[in-house]
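Residues per chain are reported as follows:
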Amino acid sequence: MTTVRLTGGRVYDPAHGVKGEVRDLWMRDGHIIAPPAEPGEAQTVDVSGKVVMAGAIDIHSHIAGGNVNTARVLMPEQHLAEQARYPHYPFSGAKWSAFDTGYRYAEMGFTTVVEPAVLPLNAVQAHAELAAIPIIDTAGLAILGNDDFLLRLLRDGAEQQTVNDYVAWTLRATRCLGLKVINAGGATAFKHNARSFGLDDVVPMYGVTSREILQKLQRAVVELGIGHPVHVHCNNLGVAGNVETALATIEAAGGMPMHLAHIQFYGYGDEGRRHFSSGAARLTDAINRNPNITVDVGQVLFGQTVTISGDVLRQFDARSIASPKKWAVWEAEDGGGGIVPFKYRENNYVNALQWAIGLEIFLLVDDPWRVFFTTDHPNGAPFTRYPELFHLLMDRDYRNSWLARIHAGAADASLLRHLDREYGLDDIAVMTRAAPARLLGLPDRGHLGPGAVADVAVYSEQEDKAAMFRRAHLVYKDGRKVVEEGRVVNVVKGRTHAVAPAFDPGIADPLGDYFHRYHLVRMENYALLPEWLPRTLGSELVVH
């Protein structure tokens, strides 16, 4: 492969302490290389004055799986209206397609995206869809915590090692990169007519609490040595006063690593005349005091979207506020989920305060290595609106201009006008490159040191940071130019990343018996063989 030299760019590489230094970047055979002593023939690309970063990584974006497809069916008008499509490309006339997802991420300089909610039963379909997304590398997080087999183990007092074996078997069977827990036990309680479920509530028929399920799974992830901490969707999502649940979950982590997803949706107090207030200060104080905790925000941005979640309790409760008035809720053997369209309005007190709480969390967490950019796509907003979020966090005056537009009561209830912090380009490089790579256990990306994959984004710096990050000047994937002047010019195939922790093969006996007696799918059809992805889907499987 041709050696490529990007010359004259201002490089931001936090993993190596580089903050805007003008230096050359060399790429060969899909990787970053040190400046060669004898360069030989090299393709030189002048990026003088441009900003150079590693390809961005999104740790939490719902881009594949059953809920995503149901949302497409339920809300064709949303996807059709998002952005114009490229003519003469595959699926250019389709609704919001997997193909389109790859294009939009690449145009913004993203090169790796994680689907955070792969229901094991749906792993085949989820991987098929992920493999259909061009350009970007992808990975999935497997959901456990509402599955009958695990709850039976806990009810019967199984030892931690047995739980570990089951978690490891599941991650191998689903070819996922990590473990996700969604309202542990809540979906199962919903099947027994529960309509709310707290951290210390007991799952009917199983006699275990949500806290016990979560702690067993968290410990399994730690003891198995899985790079990414257990990825937690807490109980009581979206409920006024639920900051107490988030604080209790942080305490329940017991000092072990835990990642809390879309934490904005848990930053709610119940004070004031409207019984809905910001809990961001209390929440971020706890995050700052507990270095074992990382969070992504799930920022709300105003406009139409569609919420999708495996939290069937929350989605069933939210059906009354669906906008437009249509929704879908379903149950499965090992979980459930729901799709509820929603429009966030800037003149609505609750919506405006949700918007403000997310920004407060971003600005009040001290360490940018522990707070991550997400909109919980599409729950808070589509991922295509990340550039607007960058602008809000990098420009205090722009942010304050919005306070005059949103509901006055929410603006007054927010801390935002008292927060002067502005993120710089180095912070952005930390939060969207270096930190997510480290959190996911992917050491070959998120930085620009020799040996890293040659995923590189080059931006034209502008005062309008939304414009800057909306369309990258250049994007390289594995050393190949895929985007030029904000448009895809080369469609390449991404890879699938997974882990394969060891387990006692004896777990196969009780699992085989369970599948034979209770499951609708045969065990041999449930687990994905390692050769299945490359042979059937054409996606290279990279095991970490």
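Notes on the structure follow. Keep in mind that what you see is a predicted model, and the values were worked out from it rather than measured.

With that settled, consider the overall build of the chain. Within the chain one finds 20 helices and 26 strands. A compact globule built from 544 residues would reach a C-alpha radius of gyration of about 24 Å, and the chain, at 23 Å, matches this within 12%. Once the C-alpha set of the chain is aligned to its principal axes, its extents read approximately 70 × 55 × 45 Å. Relative to its 544 residues, the chain shows a buried fraction of 62%. A sequence separation of at least 24 residues applies to 76% of the contacts in the chain between residues at least 6 apart. If you average the places of the 52 positive and of the 62 negative side-chain charges in the chain, the two averages end up 4 Å apart.

Pairing is mixed across the open sheet formed by four strands, whose spatial order is β5-β4-β1-β6. With partners counted over all chains shown, the strands left at the sheet margins are β5 (31-33) and β6 (42-46), one partner each. If you compare each strand with its neighbour and ignore which way they point, the axes differ by 30° on average. Pairing between strand β1 (residues 3-7) and β6: five bridges, direction parallel. Following the sheet pairing, T3 is matched in β6 by A42.

For strand β17 (residues 303-309), the tally of buried residues reaches six of seven residues, placing the bulk of the element in the interior. Here β17 runs beside strand β19 (residues 335-344); their pairing, made up of seven bridges, is antiparallel. Residue V306 lies in a different strand from β19, and its bridge partner there is P341.

The next thing to look at is unusual backbone geometry. P324 follows S323 through a cis peptide bond whose omega is 0°. One can find P324 in the loop between α11 (312-318) and β18 (328-332). Geometrically, the link from H377 to P378 is a cis peptide bond, its omega value of 0° lying close to zero. Despite not being glycine, D29 shows a phi value in the positive range, around 50°. Take D29: it is sitting in the loop between β4 (25-28) and β5. Its identity is not glycine, yet H275 carries a phi of approximately 55°, on the positive side. Structurally, the position occupied by H275 is in the loop between β14 (268-269) and β15 (277-278). Overall, the relative accessible area of 54% leaves H275 in the exposed class.

Where helix α5 (residues 148-155) meets helix α6 (residues 160-174), the closest approach of the two axes is 10 Å, and the angle between their N-to-C directions is 170°. Comparing their axes, α6 and α5 come out roughly antiparallel. In this structure, α5 uses F149, L150, L153 and L154 to contact α6, whose residues at the interface are T162, V163 and Y166. Across the contact of α5 with α6, the residue classes tally to six nonpolar, one polar and no charged.

This paragraph deals with the sheet that holds strand β24 (residues 487-488). A sheet is described by the order of its strands in space; here seven strands give the open sequence β3-β2-β7-β21-β22-β23-β24, paired in mixed fashion. A single partner strand is all that each edge strand has here, and the edge strands are β3 (18-22) and β24. Sheet analysis places strand β7 (residues 51-54) next to strand β21 (residues 456-459), joined by four bridges and oriented antiparallel. When the bridges of β21 are listed, V51 appears paired with Y459. Here helix α16 (residues 425-440) sits on the sheet in contact with β2 (10-13), β3, β7 and β21, set at roughly 25° to β7.

The next point concerns helix α10 (residues 280-289). Within the sequence span of α10, burial applies to A280, L283, T284, A286 and I287. Buried residues of α10 fall within an arc of 155° about the axis and therefore sit on the same side. Against the buried residues of α10 lie α9 (243-252), β15, β16 (293-296) and α12 (349-364).

To continue, consider the packing of aromatic side chains. Going through the model one piece at a time under the given rule, you end up with 21 aromatic pairs. Taken together, the aromatic side chains of F149, Y166, W169, Y514, F515, Y518 and Y526 make up a single cluster linked through ring pairs. Its end group placed over the ring of Y518, R152 keeps NZ or CZ at 4.3 Å from the ring centre. One Lys or Arg, R319, reaches over the ring of F316 and ends 3.8 Å from the middle of that ring.

Another point: the pattern of salt bridges. All chains considered together, the criterion is met by 31 salt bridges. A salt bridge links K477 to D137; its shortest N-O distance comes to 3.3 Å. Pair noted here: K477 is in strand β22 (residues 474-477) and D137 is in strand β10 (residues 137-143), with a separation of 340 residues, a long-range link. Residues K477 and D137 agree in their burial class; the two are buried. With its nearest N and O atoms 2.9 Å apart, the salt bridge here joins R385 to E388. Under the relative-accessibility criterion, E388 is labelled partly exposed at 24%. Because the salt bridges share partners, they merge into one network encompassing D137, D444, R445, D455, K477, D478, R495 and E540.

Cut-offs applied
- Residues numbered from 1 in each chain as written.
- Predicted model: local features only at pLDDT ≥ 70, side-chain atom pairs only at ≥ 80, totals over all residues.
- Heavy atoms only, no water.
- Helix = DSSP H or I, 4+ residues; strand = E, 2+ residues; numbered from the N terminus.
- Rg over C-alpha atoms; globule rule 2.2 N^0.38 Å.
- Buried < 20%, exposed > 50% of the residue type's maximum accessible area, 1.4 Å probe, protein only.
- Contact = heavy atoms within 4.5 Å.
- Lys, Arg positive; Asp, Glu negative; His and termini not counted.
- Charge placed at Lys NZ, Arg CZ, Asp CG, Glu CD.
- Pairing = 2+ DSSP bridges.
- Axes fitted to C-alpha atoms, helices over the stretch in contact; angles between N-to-C directions.
- Parallel < 35°, antiparallel > 145°, perpendicular 65-115°, else oblique.
- Nonpolar A, V, L, I, M, F, W, Y, C, P; charged D, E, K, R; others polar.
- Arc of directions from axis to C-beta.
- Phe/Tyr/Trp six-rings, centres within 6.5 Å; stacked < 30°, edge-to-face > 60°.
- Lys NZ or Arg CZ within 6 Å of the ring centre and 35° of its normal.
- Salt bridge = Lys/Arg side-chain N within 4 Å of Asp/Glu carboxyl O.

Note that every value here comes from positions in space, so none of it alone points to a role or purpose.
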